[in-house]
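# Overview (structure and organization)
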Amino acid sequence: VDYRRGNYAKSIEWCQLSLAPPLMLGRPATAQAILAMASHQLHQDADARVALNQGRKANEASTGFFSVDGYCPLFDGLLGQQMLNETSLLIEGGKPRGGDSYAVARYNLALLYNYGDNGVPKDQKEAAKWYRKAVDGGSIPAMNGLAWLLATSPDATVRNGPAAVTLAEKTVEADPTNAPFLDALAAACAETGQFEKAVNAEKQAIQYSTTAAAARQGYPDRLKLYETHSPYHQAN
């Protein structure tokens, strides 16, 4: 409200308070966007660009479902992107970077459809659609989620092993020591009958994960499947 009124110094104070630890509520991307715009209006250009970059990073990180304090990353992703669009236009001019993708919000929507959470009906075909939209916006987590879904969906009409392999290979190329990415690559390879590659990828997933996390995520169980030349499919 203070920013819209032109009270830029006061607006900066509110943003700094909202971003100070402990950061209890979401919307850090929105706060950083407002901080960037207010700083720009006061000709604090270096501070403005730092805040804009921090806002972009915060919005990319706002993934997941709903937490116990009521924070909704889906809403935050939409609001954050909208504010970052305005900020990008004000500070950088022209078309905002990534402003048309809303990749974070689309990824969160895909998660909701994939797992049937918070009143959203489980619909993996719909999930695949939103994963693809998020992938088009440059989301690596969405690429991994889509690879996993195409490799392991209980619905044969959703599964697409070759496409899953292509996606999973790209995510592992981006982050070769990411255990979930390797786990998805293993599942994709198994779905296409490449069991030796599946075993190797799953062993790497276990290697780069902690022992407890590997067991919790089911990596050892899937490794046994791949060693017996069986793909992994989620339960209905």
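A short tour of the structure in this document, coming up. (Residues numbered from 1 in each chain as written. Predicted model: local features only at pLDDT ≥ 70, side-chain atom pairs only at ≥ 80, totals over all residues. Heavy atoms only, no water.)

## Some thoughts on the overall build of the protein
On a plain count of helices and strands, the protein comes out with 13 helices and 0 strands. Counting all 236 residues of the protein, 46% fall into the buried class. A fraction of 56% describes how many contacts in the protein between residues 6 or more apart in sequence connect residues 24 or more apart. By element, 54% of the accessible surface of the protein is carried by carbon and sulfur atoms, the whole surface being about 12,100 Å². (Helix = DSSP H or I, 4+ residues; strand = E, 2+ residues; numbered from the N terminus. Buried < 20%, exposed > 50% of the residue type's maximum accessible area, 1.4 Å probe, protein only. Contact = heavy atoms within 4.5 Å. Areas by Shrake-Rupley, 256 points an atom, 1.4 Å probe, with all protein chains shown as cover.)

## Quick notes on the pattern of salt bridges
As enumerated under the stated definition, the model contains 6 salt bridges in all. Among the salt bridges present, the one from arginine 56 reaches glutamate 92, with a minimum N-O distance of 2.9 Å. Remark: glutamate 92 occurs in helix H5 (residues 73–92) and arginine 56 occurs in helix H4 (residues 45–61); sequence separation between them is 36 residues. The buried category is assigned to arginine 56, whose relative accessible area is 8%. We classify glutamate 92 as partly exposed; its relative accessible area is 36%. (Salt bridge = Lys/Arg side-chain N within 4 Å of Asp/Glu carboxyl O.)

## Some words on the nonpolar core
Counting residues in hydrophobic clusters, the biggest one holds 45 residues, and the most contacted among them are Tyr131, Leu146 and Tyr226. A total of 10 residues in this core trace back to one element, the largest contributor, which is helix H10 (residues 179–191). Dropping the residues within four chain positions of it, tyrosine 226 is found in contact with Ala186, Ala187, Ala190, Phe195, Ala198, Val199, Glu202, Pro231 and Tyr232. Residues Ala29, Ala33, Leu52 and Met83 belong to the second largest nonpolar core, which totals 16 residues. (Core = buried A, V, L, I, M, F, W, Y, C linked by side-chain atoms within 4.5 Å.)

## Some details on the side chain of serine 139
Note that serine 139 resides in the loop between helix H7 (124–136) and helix H8 (140–152). Judged by its relative accessible area of 11%, serine 139 falls in the buried class. At a separation of 3.1 Å, a polar atom in the side chain of serine 139 contacts the main-chain amide nitrogen of alanine 142. (Polar contact = N/O pair within 3.5 Å; in protein donor to acceptor, adjacent residues only side chain to side chain.)

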